Amino acid sequence: MIRLLKRYIKNYFPALMGNILFVALQIVIQTVFIMSEMKNILDNGVAANNMTMIWQSGLKMLLFTIASGVCTIISSYLSARVTAGVTCDIRKACFKKVTSMSSQSYNRFGASTLSTRTMADVMQIQILIINILRTSLMVPMIIVCMLFLIFRINRMLFWVMFVSFAVTVFSLAFLGAKSKPLFEVLQKKIDRISMLMKEKLSGVRAIRAFRNQDLEEKKLEEANDEAYKAAISANAKINFLAPLSLIIMNWAVVLIYFVGTKQLQIKMASISDLLLIFQYLAYFISSIAVIPVLVNLLPKVSVSCARINALLDDAGDAAPNRNNVRSGIEAGKVEFSNVIFGYSGATNVITDITFTAKPGKTTAFIGTTGSGKTTIMNLLMRLYQMNFGEIKIDGTSIRDYDPDYLRSRISYGTQKARVFQDTVYNNISAYNKECSEERVRLACDAAEFSEVLEKMPDGTNSMMAQGGMNISGGQRQRLSLARTIAKDAAIYIFDDTFSALDSKTEASVRKNIKNILKGKTIIMVAQKISTIADADNIIVLDKGRIAGQGTHAYLLENCDEYKEIYNTQCYTEKPVSYTHLTLPTNSRV
């Protein structure tokens, strides 16, 4: 926890020092000056019946109170500035880490826990910092001042107060340490709830279609019950902090009153001294009440800081850049040489992948589901790191390129069409201000999205709904295609981006792509042979290996796997009859 706060709070050191200074001034004014004037009123004003002295001391106390208020305002402003700045920096660092981490790391953490760490865990840190800078920072200052002032006045009462305070602090620290592991369990339960909520929101249509609302509600209810029990178990220990501290300190008050009364009877102490000590004692007790709140927060924040540190310190699985080259990708020639890759804890997904994708040519991939088509595209983008082999672009290993530069020279159309809640222009230009309106419209024409654009009220300035819910699935895919085409790159990847298009639209878009991207390296991934039949080089994948590569005509003659796919899709074989099959009587349709 200290390591994380130290890393980010140093940027706000002047404001932090200013906050500490004004809090210290506030404490000194309240404990030394104001309370000293109160003793002066008792000793020299009330005892001597001197109204002038009382008025003068009262005026001083008023001025001291105003000064204390000014210090409070300034310290509150500075503490808010430090708190907002530190939490903002931590959240920005978390977000930057998430956006830059490798796909292996992203999958290892999971989307739900990354969201919880970036939002909920940072919020816990924010609550702790503001509590420390505004209230908890005052506690040690007040305690030191009170103990010192009481020690000066009456040493016997000082030792009663000191021992009671020490017992209170030890008890709070012990219970706080015991509750920390329980809060770690609680945070994991909250991560699970976030994951389930994300699943329910993104899969609401499938849930309704299969009438599984009751089942999903039950799963979420069980997760909530587990989190509820974990919260009860974790808070059960720290909920005793406040009453325990109050019990100890209140017994200390009783003992101090008893001892003080005995001292007054034998004239070891004056009435004004005892009244002043009782005033210090009330101030001391009110300050002690803040400690359980702080100790309550510490186990939670300690867990949150550990989770954030684990995220920020994650080294990832990708190999480090060797040279950070930021130039050189012009033609876009791609070469895979004996590439092998397997996910963590799994056998190799692809093995011995060797091919060349040349500029001005279309290289296509086809194969059964899970044969490794998208994995190869992810390796080319350095979203994953190969286990063995070499990938080169224009003769230079992709490990030598700076990742940002590498991806800036590749335009990647993903399998799932992503639409952001923004204008059509920003969706297609991918927030690249250098992408002109003319190029966006040209990309819309090529992707056959212009007919959709014409029906929108503001053209390219029309707003898209979140996830593109104001257009159909095929229209979302055409928008995604337009985004891929609009980017000025050397290599264009179309990863199964034609699946939602009808045959006529698909043929038109493919023709437009060949014309507008002439001279570029085009890589297509498809499930349908009709999509890639005219490609210059078709690579057939089977169980992570290359079963054959060549033109459509060549593969029909020489590749059994390709021929099987072709026969299945073209229905040249006699279809299997399913008329004899019947469903069980208890089946749900």
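Read on for an overview of the structure. None of the values given here were measured: they were computed from a predicted structure.

The next point concerns the sheet that holds strand S5 (residues 396–397). The sheet built from four strands is open, its strands ordered S2-S1-S4-S5 with antiparallel pairing. Edge positions in the open sheet fall to strand S2 (348–357) and S5, since each of these has one partner strand only. Helix H13 (residues 373–380) rests against strand S1 (334–342), S2 and strand S4 (388–393) of the sheet, and its axis sits at about 115 degrees to S1.

Side-chain pairs of opposite charge can arise whenever the charged atoms involved come near each other. According to the stated counting rule, one finds 14 salt bridges in the structure shown. Between Asp 313 and Arg 7 there is a salt bridge, with its nearest N and O atoms 3.4 Å apart. Taken together, the positions of Asp 313 in the loop between helix H12 (290–312) and S1 and Arg 7 in helix H1 (residues 2–9) put the pair 306 residues apart, joining distant regions of the chain. Residue classification places Asp 313 among the partly exposed positions, given a relative accessible area of 39%. Note that Asp 534 is salt-bridged to Lys 514, the shortest N-O span being 3.6 Å. Here Asp 534, found in the loop between helix H20 (529–532) and strand S9 (537–542), pairs with Lys 514, found in helix H19 (residues 503–516); they are 20 residues apart in sequence, far enough to count as distant. For Asp 534, a relative accessible area of 41% gives the class partly exposed. If you follow the salt bridges from partner to partner, you end up with Glu 506, Arg 510, Lys 514, Lys 528 and Asp 534 in one network.

Pairing in this open sheet of six strands is mixed, and the strands run S6-S7-S8-S3-S9-S10 from one edge to the other. The two strands at the open ends of the sheet, each matched to only one other strand, are strand S6 (410–413) and strand S10 (545–550). Each neighbouring strand pair of the sheet contributes to a mean axis angle of 15 degrees, computed without reference to strand direction. Taken together, the five bridges between strand S3 (residues 362–367) and S9 define a ladder with parallel strand orientation. The residue of S9 that forms the bridge with Ala 364 is Ile 538.

With that settled, consider the packing of H1 against helix H3 (residues 51–100). At a minimum axis distance of 9 Å, the contact between H1 and H3 shows a crossing angle of 105 degrees. Compared by their axis directions, H1 and H3 come out roughly perpendicular. Here Leu 4, Tyr 8 and Ile 9 of H1 lie close against H3, whose contacting residues are Val 82, Val 86, Asp 89, Ile 90 and Ala 93. Partitioned by chemical class, the residues of the contact of H1 with H3 number seven nonpolar, no polar and one charged.

Under the criterion given, the structure shown has nine aromatic pairs. Between Phe 355 and Phe 365 the ring centres are 5.1 Å apart and the planes differ by 80 degrees, which places this aromatic pair in the edge-to-face class. Placement of Phe 355 in strand S2 and of Phe 365 in strand S3 is noted, with a sequence separation of 10 residues between them. Accessibility expressed as a relative area gives 0% for Phe 365, which makes it buried. Following the ring pairs from residue to residue traces out a cluster consisting of Phe 151, Phe 158, Trp 159 and Phe 162.

What follows covers H19. An ideal rise of 1.5 Å per residue puts 20 Å on 14 residues; H19 measures up with 20 Å between its terminal C-alpha atoms. Inspection of H19 places Thr 505, Glu 506, Val 509, Arg 510 and Ile 513 among the buried residues, and these make up the whole buried set. Projected onto a plane normal to the axis of H19, the buried residues spread over an arc of 130 degrees and lie on a single side. Among the exposed residues of H19, those pointing more than 90 degrees away from its buried face are Ser 503, Lys 504 and Lys 511. Contact partners of the buried residues in H19: helix H16 (437–446), helix H18 (473–486), strand S7 (491–495), strand S8 (521–526) and H20. For H19, the N-terminal cap is Asp 502; the gap from its side-chain oxygen to the backbone nitrogen of Lys 504 is 3.2 Å.

Cut-off values and rules
Residues numbered from 1 in each chain as written. Predicted model: local features only at pLDDT ≥ 70, side-chain atom pairs only at ≥ 80, totals over all residues. Heavy atoms only, no water. Pairing = 2+ DSSP bridges. Helix = DSSP H or I, 4+ residues; strand = E, 2+ residues; numbered from the N terminus. Contact = heavy atoms within 4.5 Å. Axes fitted to C-alpha atoms, helices over the stretch in contact; angles between N-to-C directions. Salt bridge = Lys/Arg side-chain N within 4 Å of Asp/Glu carboxyl O. Buried < 20%, exposed > 50% of the residue type's maximum accessible area, 1.4 Å probe, protein only. Parallel < 35°, antiparallel > 145°, perpendicular 65-115°, else oblique. Nonpolar A, V, L, I, M, F, W, Y, C, P; charged D, E, K, R; others polar. Phe/Tyr/Trp six-rings, centres within 6.5 Å; stacked < 30°, edge-to-face > 60°. Expected span 1.5 Å × (residues − 1). Arc of directions from axis to C-beta. Polar contact = N/O pair within 3.5 Å; in protein donor to acceptor, adjacent residues only side chain to side chain.

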